[in-house]
Amino acid sequence: LARWIVSPDNPLTSRVFVNRVWRWHFGRGIVASPDNFGIQGERPTHPELLDWLAAELSRQAWSLKSLHRTMMESSAYQ
């Protein structure tokens, strides 16, 4: 189960996680409804950014430090 949850074939986990970290840093998530990514949830404001960050999190072996650094060094955060 744990392998499936963090598998690149299951991008939902990394997308939700990235959205929550983004919301923590910026005060608003890329998806406004952090608890519902389903049909009744909001659509992402920048789906390409969300997908890229989720893929980057997976590529970096789920390193939270790397994810925080990527967000905080961005021009959006600066």
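In case you missed it, the structure is sitting above this.
Note that this is a predicted model, so its numbers are computed, not measured.

Draft legend 1. Spotlight on the overall build of the protein. Broken down by element type, the protein carries four helices and zero strands. Each helix (α) and strand (β) of the protein, taken in turn from the N terminus, gives the series α-α-α-α. For 78 residues, the compact-globule estimate of 2.2 N^0.38 gives 12 Å, and the protein sits close to it at 12 Å. Overall, the protein is about 35 × 30 × 20 Å in size when its C-alpha atoms are taken along their principal axes. Taking all 78 residues of the protein together, 29% fall into the buried category. When contacts within the protein are restricted to residue pairs at least 6 apart in sequence, long-range pairs at least 24 apart make up 44% of them. For the protein, the exposed surface amounts to about 5600 Å²; the carbon and sulfur share of it is 54%. Within the protein, one finds 9 positive and 7 negative side-chain charges whose respective centroids are separated by 5 Å.

Draft legend 2. Quick peek at a nonpolar patch on the surface. A surface patch of nonpolar side chains, about 440 Å² in accessible area, is lined by Leu-1, Trp-4, Ile-5 and Val-6. With respect to the helices, strands and loops of the structure, Ile-5 is situated in helix α1 (residues 2-5). Its relative accessible area of 32% is what places Ile-5 among the partly exposed residues.

Conventions used here
- Here, residues in each chain are numbered from 1, in the same order as that chain's written sequence.
- Given that this is a predicted model, residues contribute local features only at a pLDDT of at least 70 and side-chain atom pairs are listed and counted only at 80 or more, while totals for whole chains, interfaces and linings are drawn from all residues.
- Note: side-chain values were computed over all heavy atoms of the structure, leaving out hydrogens and water.
- To qualify as a helix, a DSSP run of H or I must reach at least 4 residues; to qualify as a strand, a run of E must reach at least 2; elements of each kind are numbered from the N terminus.
- Note that the radius of gyration is over C-alpha atoms, with the globule rule given as 2.2 Å times the number of residues to the power 0.38.
- Categorising residues by exposure relies on relative accessible area from a 1.4 Å probe, with only protein chains included: less than 20% of the type maximum marks a residue as buried, more than 50% marks it as exposed, and the intermediate range marks it as partly exposed.
- Here, residues are in contact when the closest pair of their heavy atoms is within 4.5 Å.
- In these tables, accessible area is a Shrake-Rupley quantity obtained with a 1.4 Å probe, and a residue counts as shielded only by the protein chains included in the view.
- Charge assignment in this entry is limited to Lys and Arg as positive and Asp and Glu as negative, and neither His nor the chain termini are counted.
- A single reference atom marks each charge: NZ on Lys, CZ on Arg, CG on Asp, CD on Glu.
- What goes into a patch is any residue over 30% in relative accessible area without a salt bridge, connected to like charges within 9 Å or, for nonpolar side chains (Val, Leu, Ile, Met, Phe, Trp, Tyr), within 5 Å.
- Salt bridges are identified by distance alone: a Lys or Arg side-chain nitrogen within 4 Å of an Asp or Glu carboxyl oxygen.

The values are spatial; any link to function lies outside them.
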